[in-house]
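Descriptive analysis of the structure
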Amino acid sequence: MFNSFIKQEAKPNDSKVVSMYPSGTTVPSPENVPSVEDQELIKSLELKSRLHDALLDRLNLAVIDKVLPEELRREVAALVGEFLAKENTPMRSEKFTRLVDELMNEVLGLGPLEPLIADPTIDDILVNGHENVFVERFGILEKAPTKFRDEKHLLRIIDKIVSRIGRRVDESNPWVDARLEDGSRVNAIVRPCAIDGPSISIRKFSRTPLTMDRLVETNALSQQAADLLSGLVKARMNILISGGTGSGKTTMLNAVSAKIDHRSRIVTIEDAAELQLQQEHVVRLETRPPNPSGNGAVVQRDLVRNALRMRPDRIIVGEVRGAETFDMLQAMNTGHDGSMTTVHANTARDAIGRLEQMVLMMGLELPLSAIRSQIASGLHFIVQLSRLSDGKRRVMSISEITGLEGDMITLQDVFVFRKRGISETGEVLGDFVPTGIRPRCADALMSAGVNLDISAFLNEGT
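Attention in this report is confined to the structure presented alongside it. (Residues numbered from 1 in each chain as written. Predicted model: local features only at pLDDT ≥ 70, side-chain atom pairs only at ≥ 80, totals over all residues. Heavy atoms only, no water.)

1. Some thoughts on the pattern of salt bridges
A full pass over the atoms with the stated rule returns 20 salt bridges. Between Lys 392 and Glu 427 there is a salt bridge whose closest N-O contact spans 3.1 Å. Here Lys 392, found in the loop between strand E12 (381-387) and strand E13 (393-405), pairs with Glu 427, found in the loop between strand E14 (408-422) and strand E15 (428-434); they are 35 residues apart in sequence, far enough to count as distant. In this structure, the salt-bridge partner of Arg 420 is Asp 431, at a minimum N-O distance of 2.8 Å. Taken together, the residues span a long stretch of sequence, with Arg 420 in strand E14 and Asp 431 in strand E15 at a distance of eleven residues. Arg 420 sits in the exposed class, given a relative accessible area of 56%. Residues participating in the shared-partner salt-bridge network are Asp 119, Arg 137 and Glu 142. (Salt bridge = Lys/Arg side-chain N within 4 Å of Asp/Glu carboxyl O. Helix = DSSP H or I, 4+ residues; strand = E, 2+ residues; numbered from the N terminus. Buried < 20%, exposed > 50% of the residue type's maximum accessible area, 1.4 Å probe, protein only.)

If you want it as structure tokens, here you go:
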């Protein structure tokens, strides 16, 4: 007996529902397929298309999200079996199971993207129009066999992603930043800005966040450097994580923030919520785009200002991009020690320059010396990351801000990654070693109860 989410009588297909072939493959034109084998393929795909249409006719989409997946799967399998019996089309069990999986992905998930999202070896999913899908595995891009039926099908999947978090994308608002339920970052852009059709970029996040120990195991940094970062968090030093696109800034921020005392009240501020903090006392804030009339936008600067009134022990800004930089520096200079944020930059020195530029973008007539003074007194350390030519993400340096000399902010590298060449397989060879410079904050770390082996900083490791 069918449940309430199964319609008793098939009705004409809703014009808003876009039919697709569950395999995600476009049916070739018969006149261009002379071979018998290809004609058999066409018949098979047409059967899947009719089955999908019939399923959409029978499902009550209004209540589908209230049904347990196991119950829905049983009913979908029953409908598929009934349809195949009417069509007198036998099917092997493994093919039948795969067909039901594809239909379930289309009804409950993100259609052809679901197998890619479930694959733990894939880091990035890049959709360039409805026919071209690329994935990144272990730092290497490769083309995936996945395809969408047409552009309308791809647009429906994009709308499904962004509508879950109350956002929209259309001709008047052609791009959007969103996230999946697991925290994966999504950017979508459609026509007219995307000339060749809608594009999706998905940066996946591990269901099990990378810890500092795991980063040491993967040689992203050394154990001594990991101990230093853990000590900096305990001593409530302000940390800036810098790096290029895809260098692992958010991953490092998650790993470093895991060392925060669980008794601390943490407020996070992000454009699209991505952080995976392990503590219990966390307040997560997220920006909001303007409504269709152009009003109601909430930007990161608004949230940073509000966070100051929320009695935070630590403030974490996912990434500073504009005017909120000034407010973040103000917070770091007025008692909110132990705060963290990230910024796009290729070197630690460039990161400081980026902060200066973003403060100047506010339009306030602040002298550059005043801005640099705020940076020098508010920030303590810069962690620089990079994705190397072999696809691996590594910490390139951990630098201490030591103050001002005239109008220039001074830095000293405590740990650096020294390259030794490239192996025959293309792997970048090198070691993450101390520079031999003892951090100026060593006494402050000891006063905070951080027991570091000072000799580790004096070993040049060459």
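2. Some thoughts on the sheet that holds strand E4 (residues 175-179)
Ordered by their spatial adjacency, six strands build an open sheet running E3-E2-E1-E6-E5-E4, and the pairing between neighbours is antiparallel. Every other strand in the sheet has two partners, leaving strand E3 (140-144) and E4 as the edge strands with one partner each. Within the sheet, the average angular offset between the axes of one strand and its neighbour, ignoring direction, is 20°. Sheet topology places strand E1 (residues 122-128) next to strand E6 (residues 199-203); five bridges connect them, and they run antiparallel. (Pairing = 2+ DSSP bridges. Axes fitted to C-alpha atoms, helices over the stretch in contact; angles between N-to-C directions.)

3. Observations concerning helix H7 (residues 223-234)
Structural remark: α-helix, 3.6 residues per turn; residues separated by three or four positions point the same way. For H7, which comprises twelve residues, the first-to-last C-alpha distance of 17 Å matches the rise-based estimate of 16 Å (1.5 Å per residue) to within 8%. Of all the residues in H7, the buried ones are Ala 225, Ala 226, Leu 228, Leu 229, Gly 231, Leu 232 and Val 233. Two residues or fewer past H7, Arg 236 is found with a positive phi of approximately 60°. (Expected span 1.5 Å × (residues − 1).)

4. A short note on the environment of Lys 259
Mapped onto the elements of the fold, Lys 259 is located in the loop between helix H8 (249-257) and strand E8 (266-270). Its relative accessible area of 38% is what places Lys 259 among the partly exposed residues. Between the alpha carbons of Lys 259 and Gly 231 there is a distance of 8.7 Å; along the sequence they are 28 residues apart. Once you skip the residues sitting within four places of it in the chain, Lys 259 turns out to touch Met 212, Ser 230, Val 233 and Gln 279. (Contact = heavy atoms within 4.5 Å.)

5. Details of the sheet that holds E8
Backbone hydrogen bonds hold the strands of a sheet together, and the pairing may be parallel or antiparallel. Spatially, E9-E8-E10-E11-E7-E12-E13-E14-E15 is the arrangement adopted by the nine strands of the open sheet, whose pairing is mixed. Each edge of the sheet is formed by a strand with only one pairing partner; in this case those strands are strand E9 (282-286) and E15. The average undirected angle you get between the axes of adjacent strands in this sheet is 25°. Across five bridges, E8 lies against E9 in parallel orientation. For Glu 270, the partnering residue across the bridge sits in E9 and is Glu 286.

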